[in-house]
Amino acid sequence: MTDATKRPAAEAQADQRIQDILRAADSWSKEAPTALFPAIRAVCIRLAEMVADQRHYLAPLPEPQESERRTVLTLVADRLRSPVVTRGLESHLTALAELELRSTGSWAAVDAAQTEWITTAIRYLEGEAKRLPAGERPDPYWADDVVAGIIASVRALIGVDELHARTEARYSGGFKRPMEDEDEAGRARE
């Protein structure tokens, strides 16, 4: 009899997350012109890599969950860089790298860096859309929607949702950091 509580191996979990991330990229591509699919997939892969690299900034879980999470996220980040995933997207990934849309520690730690990466991804997709004939271009703000959707999907698939990320940012480092609205309320009372 097998143990129903036994979790799949880290490699199997990482493989499943990669498949889910690529499925999310395909899903976010559905309403865009076919010519934009590779650019959208490249942005999805790069943003997923950045989200997976947040593993260094998450508050630790109890063992053995922490070791498993760290292993799975490391495998996900590494596999997102593998030729199996990036085949056919090299030119897009190179262009994104030239725009400095690549994984860095600041992505997880600095809000301004996250905004900069998001803006870069949006501008990249908008630039790719401008190469299409006028009648084939997507609606205005499509790139904003695609990038926001990709980030939300990837965070959910990897297991780093917005609430968790805000909690991590607020409580990591052994002390509670005030929220912006708490800071403003405190200053208003002064």
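So, here is what we can say about the structure in this document. (Residues numbered from 1 in each chain as written. Predicted model: local features only at pLDDT ≥ 70, side-chain atom pairs only at ≥ 80, totals over all residues. Heavy atoms only, no water.)

**Brief notes about helix H5 (residues 90-98)**
Consideration 1: Taken residue by residue, H5 has His92, Leu93, Leu96 and Ala97 as its buried positions. The buried side chains of H5 occupy one side of the element, clustering within an arc of 140 degrees when seen end-on. For H5, the exposed residues set more than 90 degrees away from the buried face come down to Ser91 and Glu98. (Buried < 20%, exposed > 50% of the residue type's maximum accessible area, 1.4 Å probe, protein only. Helix = DSSP H or I, 4+ residues; strand = E, 2+ residues; numbered from the N terminus. Arc of directions from axis to C-beta.)

**Re the nonpolar core**
Nonpolar side chains in soluble globular proteins generally cluster together in the buried interior.
Consideration 1: With 44 residues, the main nonpolar core has Val43, Val76, Leu125 and Trp142 as its most contacted residues.
Consideration 2: Of all the secondary-structure elements, those providing two or more residues to this core are helix H1 (10-29), helix H2 (37-52), helix H3 (65-80), H5, helix H7 (111-130) and helix H8 (142-158).
Consideration 3: Here this core gets 11 residues from one element, more than from any other, and that element is H2.
Consideration 4: In contact with Trp142, other than residues within four places in its own chain, are Ala32, Leu36, Ile40, Leu125 and Ala129. (Core = buried A, V, L, I, M, F, W, Y, C linked by side-chain atoms within 4.5 Å. Contact = heavy atoms within 4.5 Å.)

**Here we look at the environment of Thr119**
Consideration 1: By secondary structure assignment, the location of Thr119 is in helix H7.
Consideration 2: With 24 residues separating them along the chain, Thr119 and Ala143 place their C-alpha atoms 9.8 Å apart.

**Focus: the packing of H2 against H8**
Consideration 1: The N-to-C vectors of H2 and H8 enclose an angle of 40 degrees; their axes lie 9 Å apart at closest approach. One element, H2, and the other, H8, form an angle in the oblique class. Both H2 and H8 take part in a crossing whose hand is right-handed. Judged by residue contacts, Ile40, Val43, Cys44, Leu47, Ala48, Val51 and Ala52 of H2 engage Trp142, Val146, Val147, Ile150, Ile151, Val154, Arg155 and Ile158 from H8. (Axes fitted to C-alpha atoms, helices over the stretch in contact; angles between N-to-C directions. Parallel < 35°, antiparallel > 145°, perpendicular 65-115°, else oblique. Left-handed = near helix turned anticlockwise from the far one by under 90°.)

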